[in-house]
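What follows is the residue order along each chain.
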There are 2 protein chains.
Amino acid sequence: MELKVYCDRLSQPSRAILIFCKANNAEFEEVTIEIGKGQHRSPEYAEVNPMKQLPAIVHGDFKLFESHAILIYLASTLPGVADHWYPADVRERAKVHSVLDWHHTNLRRGSVGYLLNTVFAVAFGMPGDPKAAAEGEKLLLASLARIESFWLQGDGPFLLGNSKPTIADVALVCEVTQLEAADENDRDRILKPHTKILKWVEDVKSATAPHFEEIHATICSAREPLKKLKAQADHKSE
Amino acid sequence: MELKVYCDRLSQPSRAILIFCKANNAEFEEVTIEIGKGQHRSPEYAEVNPMKQLPAIVHGDFKLFESHAILIYLASTLPGVADHWYPADVRERAKVHSVLDWHHTNLRRGSVGYLLNTVFAVAFGMPGDPKAAAEGEKLLLASLARIESFWLQGDGPFLLGNSKPTIADVALVCEVTQLEAADENDRDRILKPHTKILKWVEDVKSATAPHFEEIHATICSAREPLKKLKAQADHKSE
């Protein structure tokens, strides 16, 4: 196929690309690059993305990485993508860019800092840094509160008060759902007080059904194995 | 004037917006919000940007924050902006988005982590975190190396091998020039080995002359006062 998506369903920006493609009936080949096996660091993958990160796409002879850039490119080039995903109106579009930029240094940074130093450290054979985990959680909680008080204000159920989702909804919701990999108690402690966030996740899930749940099956089923790995590591270090 | 740019010339993304506007003969009002005096945290400024960060713009009745989103918006709406700044071609444009996204989590994160915990901590009355400063410097050095080996490869003098600058050149160069605030020895240690970076900064300066140097005068003149503040703080803590 002409469009190849290099991804790992355990990676939140990978899931965003996959859900967007499937929700828009794109013809593409999903090429799984397993982060847990270090496949993203292979010389072969470096030919696709020299930064050795996921996701990336190859569209004919065109290579692209960075998930937000990919979402914008796909929304602009795939046939039949409805305008609401990435509005042509320059002000509406600017607001989508603003959310996506904010995401980098707030929700994503907080989520990655927290999860990398708690859940995923063990899986990658790294020592988790408790101070970095605490800083990540603080930024994650502040970001969730900010989404509720600012980005989700307005009449519509989606970011920017829109009545239909943009690419930013898919990108940010997939960051929130990365908490599926955390211990249930931690996930509930972080997410449950944020009732607007929980409703928004459900609204994005409905708007992209059945692809959202299908693409998320991998991260949901990762929780128990990750918990076992952590218990083993804790036992060894006692 | 219809377009207002809320900024502080000591802030690197503020400078990027100002240079872009001036290089494109935009009519605008520069509204200085002094970060050092905490003016970005005032209730009045929160009406402009609820995130209380710089820069932001107000264009008629439209408010926008996040510097990359602002650059894209201005390149799309200001009259007479040449295509090279933000190409209409969807693949060329996608590559600009890719650089800008990469900037968030690499060059910018490294630069801010290093400078905030060395030079600016004293000015903000904060204790610098030596571990965060070291991590910032490591990411900053890796990012500079990556710009030289990847983003500046190709025939042209600008990012992506282009013969003329894009908005990404202005955004990233203004991050590099934030090192003007550092002690000369530190700045030289970090920048001097990167000869392609130094040439690129000069090329962006030439392409946007005389605005680049005019807009940078404030950050260049901040070095000595910052050095004195640090010496006083070091003396007190002895």
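All values derive from a computational prediction rather than experimental measurement.

## Observations regarding the domain arrangement of chain A
Residue and element names in this part refer to chain A.
- Here the domain parsing of chain A yields domain 1 (3-83) and domain 2 (87-236).
- Of the residues lining the interface, 20 residues belong to domain 1; the matching set on domain 2 comes to 26 residues.
- Carbon and sulfur atoms make up 67% of the area that domain 1 and domain 2 hide from each other, which totals about 2000 Å².
- Of all residues in domain 1, Gln 12, Ile 19 and His 68 give up the largest surface area on contact with domain 2, accounting jointly for 31% of the area buried on that side.
- There are 2 salt bridges connecting domain 1 and domain 2.

## So, empty space enclosed by the protein
- Taken as a whole and judged by the stated rule, the model has 1 cavity of 30 Å³ or more.
- Considering only enclosed or pocket space, the largest cavity measures out at about 110 Å³ in volume.
- Broken down by secondary-structure element, the contributors of at least two residues to the lining of the largest cavity are α3 (67-77) and α4 (90-105) of chain A together with α3 (67-77) and α4 (90-105) of chain B.
- Residue composition of the lining of the largest cavity, grouped by class: 4 nonpolar, 4 polar and 2 charged.

## A word on helix α9 (residues 184-191) of chain B
Residues and elements named next belong to chain B.
- Every buried residue belonging to α9 is among Arg 187, Ile 190 and Leu 191, and all of these are buried. Within α9, the buried residues cover an arc of 85° as seen down the axis, which keeps them to one side.
- For α9, the side-chain oxygen to backbone nitrogen distance between the N-cap and Asn 185 is 2.9 Å, and the N-cap itself is Asp 183.

## Things to note about the sheet that holds strand β4 (residues 62-65) of chain A
Residues and elements named next belong to chain A.
- Spatially, the 4 strands line up as an open sheet ordered β2-β1-β3-β4, and their pairing is mixed. One side of each edge strand has no neighbouring strand; the edge strands of this open sheet are β2 (29-32) and β4. Put simply, the sheet's adjacent strands are angled 20° from each other on average, direction ignored.
- Sheet analysis places strand β3 (residues 56-59) next to β4, joined by 4 bridges and oriented antiparallel. Each residue of the ladder has a partner; that of Val 58, found in β4, is Lys 63.

## Details of the pattern of salt bridges
- Taken as a whole, this structure holds 38 salt bridges over all chains when the rule is applied.
- Among the ionic pairs, Arg187(A) bridges to Asp188(A), the shortest N-O distance being 3.5 Å.
- The salt bridge partner of Lys227(B) is Glu224(B), with a shortest N-O separation of 3.6 Å. Pair noted here: Lys227(B) and Glu224(B) are both in helix α12 (residues 223-237), with a separation of 3 residues, about one helical turn.
- By relative accessible area, which is 40% here, Glu224(B) ends up partly exposed.
- Among the charged side chains, a salt-bridge network with shared partners connects Glu180(A), Glu184(A), Arg187(A), Asp188(A), Arg223(A), Glu224(A) and Lys227(A).

## A short note on the relation of the copies chain A and chain B
- The transform that puts chain A on chain B rotates by 180° and translates by 0.0 Å along the axis, for an RMSD of 0.0 Å. On this basis, the relationship between the two copies can be described by a two-fold rotation axis. Scanning chain A for the C-alpha nearest the rotation axis identifies His104(A), at a separation of 3.3 Å.
- The residues that chain A uses at the interface reappear at the interface of chain B in 100% of cases, marking a shared surface.

## Here we look at the interface of chain A and chain B
- Listed by partner, the interface residues are 32 residues for chain A and 32 residues for chain B.
- For the pair chain A and chain B, the summed buried surface comes to about 2800 Å²; carbon and sulfur atoms form 61% of the total.
- Salt-bridge contacts for Lys131(B) lead to Asp129(A); the nearest nitrogen and oxygen are separated by 3.2 Å.
- The tally of links from chain A across to chain B stands at 16 residue pairs in polar contact (both at pLDDT 80 or more).
- Elements supplying a minimum of two residues to the side of chain A that touches chain B: β4, α3, α4 and α7 (130-151) of chain A.
- A per-element tally of the side of chain A that touches chain B places α4(A) first, with 11 residues.
- Its residues placed into classes, the side of chain A that touches chain B shows 14 nonpolar, 8 polar and 10 charged.

## Digging into the side chain of Ser42(A)
Residue and element names in this part refer to chain A.
- Residue placement: Ser 42 occurs in the loop between β2 and α2 (43-48).
- Classification of Ser 42 by relative accessible area gives buried; the value is 19%.
- Of the polar contacts made by the side chain of Ser 42, one reaches the backbone nitrogen of Tyr 45; its length is 3.1 Å.

The rules behind each value
What you see as residue numbers is a count from 1 along each chain, following the sequence as written. The lettering of chains begins at A and the numbering of ligands begins at 1, in the order of writing. Whole-chain, interface and lining totals are the exception, using all residues; otherwise, since this is a predicted model, local features are given only for residues with pLDDT of at least 70 and side-chain atom pairs are given and counted only at 80 or more. Side-chain figures throughout are based on the complete set of non-hydrogen atoms in the structure, without hydrogens or water. Where each domain starts and ends follows an automatic or database-derived domain assignment. We call two residues in contact when some of their heavy atoms are within 4.5 Å. Buried surface area refers to the total accessible area, computed with a probe of radius 1.4 Å, that the two partners give up upon joining, counted for both partners together. Each reported salt bridge corresponds to a side-chain nitrogen of Lys or Arg within 4 Å of a carboxyl oxygen of Asp or Glu. Cavities and pockets were defined on a 1 Å grid built over protein atoms only: a cavity is a set of grid points that admits a 1.4 Å probe from which the probe cannot escape, a pocket is an open set flanked by protein on both sides within 12 Å along at least five of seven lines, and lining residues are those with an atom within 4 Å of any such point. Grid points are joined across faces, edges and corners, and a volume is the space filled by probe spheres set on the points. What counts as a helix is a DSSP run of H or I of at least four residues, what counts as a strand is a run of E of at least two, and both are numbered from the N terminus. Polar here means any residue outside two lists: the nonpolar Ala, Val, Leu, Ile, Met, Phe, Trp, Tyr, Cys and Pro, and the charged Asp, Glu, Lys and Arg; Gly therefore counts as polar. Throughout, exposure labels follow a simple rule: accessible area from a 1.4 Å probe, protein chains only, divided by the maximum for the residue type, with under 20% read as buried, over 50% as exposed, and the rest as partly exposed. The arc in question is formed by the directions pointing from the helix axis toward the C-beta atoms. Any N or O atom pair separated by 3.5 Å or less is treated as a polar contact, with the protein-specific requirement of one donor-capable and one acceptor-capable atom, and with residues adjacent in sequence counted only for side-chain atom pairs. Strand pairing is assigned whenever DSSP identifies at least 2 bridges connecting the two strands. Between the N-to-C directions of two axes lies an angle of 0 to 180 degrees, each axis being a line fitted to C-alpha atoms and, for a helix, fitted only over the stretch in contact. Copy-to-copy alignment: least squares on C-alpha atoms, limited to residues at pLDDT 70 or above in both.

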